[in-house]
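Per-entry structural report
Here are the chains, one letter per residue:
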Amino acid sequence: NDPLVQVQNLKIHYPIKKGIITRTVGNVKAVDGLNFNIYPGETLALVGESGCGKSTTGRGIVKLEEPTDGKVIFDGKDLSSIKGSELRGVRTKMQIIFQDPYSSLNPRMRVGDLLAEPLLAHKLANGAEVNRKVDELLEIVGLTKGHRARYPHEFSGGQRQRVGIARALILNPKLVVCDEPVSALDVSIQAQVLNLLKDLQKEFNLTYLFIAHGLGAVKYISDRIAVMYLGKIVEIGKTEDIFKNPKHPYSQVLLSAYPIPNPHLRNRKRIVIEGDVPSPANPPKGCSFHTRCPIAQSICREQTPELNGIEHSVACHFPIS
Ligand code: SF4
Ligand code: MG
């Protein structure tokens, strides 16, 4: 089974500028050397605290950010080496759904025009075909063609996210990056939107990169989980394995904060870690988690652990078995 997406040593660093005569004084290492694949039809969840680089990774994969180093191979094509119409064609195949449906939709455009815009921009339909596609997509996401003439502010948060989903799907993508698609919604609405995403995945054979800071939705929707900390993946494996047997101390912390009673964690104590996440401009030497890790040893302060393992990989000198 060939991967749809191959992320190879991906780094996205931002310069920190200072002074009146601007000079670069350092680098924010938002994404710092990621290696992973996304397979066709799967949902890979990317989980971690805010600021760990999840969204930047998602944006890097769909080429909304340029990599500082490394590359993304999508459907066999190295995205750094294609240009022009070939790149525009590939871009339609990877779409993103944003966290906040309030700010990701232009408030002055009617929903029908919001959905037609990507079709027209890529010259994928014209005339009556556009309206037909728009109506079809509205129906697919649980809205009606009567909604076509309305403005985003006339919708509820859940409906607005349905519009965001329709806009992402209208170009027939293969990959959809879902960047915290339910975290801005009322809890009562979250399950509906997750169910919709699941149904659409089956119907249209979609592949998802599902970004989330918590593990609740992730357990329900993902096949595999990658845990991120300070721009790096610290553990990746099947959802079931991560929940049953988290090997990285940080994954254990995330799981022990998981609010829904979890039979696998019943006998485990809630682990609390001290301190804030260090700045990605100045990550700790060695294992970047050592400043907060309850089991850190001296080697952890010196040597950076590499991701190890095939199906279930962990980057830790003392993984928990
Ligand atoms: Fe903790 Fe050391 Fe493992 Fe890092 S490498 S997570 S500091 S035990
Ligand atoms: Mg984010």
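Everything quoted here is computed from the prediction, not taken from an experiment.

**Digging into the site of ligand 1**
- Around ligand 1, the structure places 13 residues, and the nearest of them are Cys-287, Cys-293, Ala-296, Cys-300 and Cys-316.
- Class assignment for the residues of the shell around ligand 1 results in 10 nonpolar, 3 polar and no charged.

**Here's the deal with the confidence of the model for the protein**
- The predicted model of the protein averages 92 in pLDDT, with 95% of residues at 70 or higher.
- Scoring of the predicted complex yields 0.93 for pTM and 0.97 for ipTM.

**A word on the UniProt feature "domain: ABC transporter" (unreviewed entry) in the protein**
- UniProt's feature table lists "domain: ABC transporter" (unreviewed entry) at residues 16-255, given in the numbering used throughout.
- Within the segment residues 16-255, helix and strand shares are 38% and 25% respectively, and the terminal C-alpha atoms sit 34 Å apart.

**Details of the packing of helix H3 (residues 111-121) against helix H4 (residues 128-140)**
- The geometry of H3 relative to H4 is characterised by a closest axis approach of 9 Å and an angle of 120° between their N-to-C directions. It follows from the interaxial angle that H3 and H4 lie oblique. Along this stretch, H3 crosses H4, giving a crossing that reads as right-handed. Contact residues: H3 offers Gly-112, Leu-115, Ala-116, Leu-119 and Leu-120, while H4 offers Val-130, Lys-133, Val-134 and Leu-137.
- Within the contact of H3 with H4, the residues separate by chemical class into 7 nonpolar, 1 polar and 1 charged.

**Topic: the sheet that holds strand E1 (residues 5-18)**
- Here we have 4 strands laid out as an open sheet, ordered E2-E1-E4-E5, and antiparallel in their pairing. Of all the strands in the sheet, the pair left with one neighbour each is strand E2 (23-38) and strand E5 (77-78).
- Looking at chain direction, E1 and strand E4 (residues 69-74) are connected through 5 bridges and run antiparallel. From the neighbouring strand, Val-5 faces E4, where its bridge partner is Phe-74.

Thresholds applied
- Residues numbered from 1 in each chain as written.
- Chains lettered and ligands numbered in written order.
- Predicted model: local features only at pLDDT ≥ 70, side-chain atom pairs only at ≥ 80, totals over all residues.
- Near = placed C-beta within 6 Å.
- Nonpolar A, V, L, I, M, F, W, Y, C, P; charged D, E, K, R; others polar.
- pLDDT = per-residue confidence, 0-100.
- UniProt positions renumbered as here; feature names shortened; annotations may be inferred.
- Helix = DSSP H or I, 4+ residues; strand = E, 2+ residues; numbered from the N terminus.
- Axes fitted to C-alpha atoms, helices over the stretch in contact; angles between N-to-C directions.
- Parallel < 35°, antiparallel > 145°, perpendicular 65-115°, else oblique.
- Left-handed = near helix turned anticlockwise from the far one by under 90°.
- Contact = placed C-beta atoms within 7 Å.
- Pairing = 2+ DSSP bridges.

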